[in-house]
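Summary of structural features
Letter by letter, the chains look like this.
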Amino acid sequence: KYFGGDGICTQDLIKQAGGAKTLENVICAEGGASLAKMPGGDLRVAIGAEYMQEKYAGFTSRGATAAAIAAQPDFKVKRDVWSVFGEINLPIIGDDNRGGIHGLSITASGRFDHYSDFGDTFNPKIGINFEPVEWLRIRGNWGTKSPFGDLSCSRRGPTSCCCCCGFNRPVLRN
């Protein structure tokens, strides 16, 4: 299965917390296919593109009183993010060449994002799925993620916020 299915999706998300409001508009297109039959199964690829517009207005702070929030000046900011991403799944051991091991596959993916307020970032990810027996799957991966948090963090800079966004979601599913 491919994440979200083949095709185009849109998402509008509004979050409110304290005296702050975040609006996200997302448009994406993604798809995938099997490229070749390998001894371990189908070699699969997926690609996609995404545009996201974020708007943030207000003030948030953990532990701030209502009076402290009301005393803050209005803070408004907007960000556009253009993204392209791809993933490949290479099955090494599967149904057709199974010996003493049930399954083994390697995945590689990458995501390029252009942020209107911070610039560009590229984030690769490599993973391995090892199945010594049918009922046990061991997964390991290495990857990077965008250093830019959600838009409410832009007031403090790209690395000073503990917020994390799910920009590196997997595209291919087993």
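Residues numbered from 1 in each chain as written. Predicted model: local features only at pLDDT ≥ 70, side-chain atom pairs only at ≥ 80, totals over all residues. Heavy atoms only, no water.

Within the element layout of this structure, His102 appears in the loop between strand 4 (76-93) and strand 5 (103-115). Among the residues examined, His102 registers a relative accessible area of 19% and is labelled buried. Setting aside residues up to four positions removed in sequence, His102 forms contacts with Ile93, Gly94, Glu131, Pro132, Val133 and Glu134. (Helix = DSSP H or I, 4+ residues; strand = E, 2+ residues; numbered from the N terminus. Buried < 20%, exposed > 50% of the residue type's maximum accessible area, 1.4 Å probe, protein only. Contact = heavy atoms within 4.5 Å.)

Turning to the environment of Glu131, a few remarks are in order. Tracing the sequence through the fold places Glu131 in strand 6 (residues 119-133). In this structure Glu131 comes out as buried when scored by relative accessible area, which is 16%. What Glu131 contacts, discounting residues up to four positions off in sequence, is Ile101, His102, Gly103, Leu136 and Arg137.

What follows deals with the packing of aromatic side chains. We describe a pair of aromatic rings using the distance from one ring centre to the other and the angle between the two ring planes. Throughout the structure, instances matching the rule amount to one aromatic pair. Aromatic side chains Tyr51 and Trp82 sit 4.3 Å apart centroid to centroid with 45 degrees between the ring planes, which places their arrangement in the tilted category. Remark: Trp82 occurs in strand 4 and Tyr51 occurs in strand 3 (residues 41-57); sequence separation between them is 31 residues. When its relative accessible area of 51% is taken as the criterion, Trp82 is described as exposed. (Phe/Tyr/Trp six-rings, centres within 6.5 Å; stacked < 30°, edge-to-face > 60°.)

All right, on to the environment of Gly94 then. The residue Gly94 is located in the loop between strand 4 and strand 5 in this model. Gly94 sits 10 residues away from Leu104 along the chain, and the two C-alpha atoms are 6.9 Å apart.

Next up on the list: a nonpolar patch on the surface. Together, Leu90, Ile92, Ile106, Ile126, Ile128 and Trp142 give the surface a local cluster of nonpolar side chains, amounting to about 500 Å² of exposed area. Elements supplying a minimum of two residues to the nonpolar patch: strand 4 and strand 6. Among the structural elements, Ile106 can be located in strand 5. (Patch = residues over 30% accessible without salt bridge, like charges linked within 9 Å, V, L, I, M, F, W, Y side chains within 5 Å. Areas by Shrake-Rupley, 256 points an atom, 1.4 Å probe, with all protein chains shown as cover. Salt bridge = Lys/Arg side-chain N within 4 Å of Asp/Glu carboxyl O.)

Looking at chain direction, strand 4 and strand 5 are connected through 12 bridges and run antiparallel. Looking at strand 5, one finds that Ser83 is bridged to Asp113. As paired elements, strand 5 and strand 6 share 13 bridges and run antiparallel to each other. Residue pairing in the sheet places Asp113 in a bridge with Thr121 of strand 6. Counted between consecutive antiparallel strands, the loop separating strand 5 from strand 6 contains three residues. (Pairing = 2+ DSSP bridges.)

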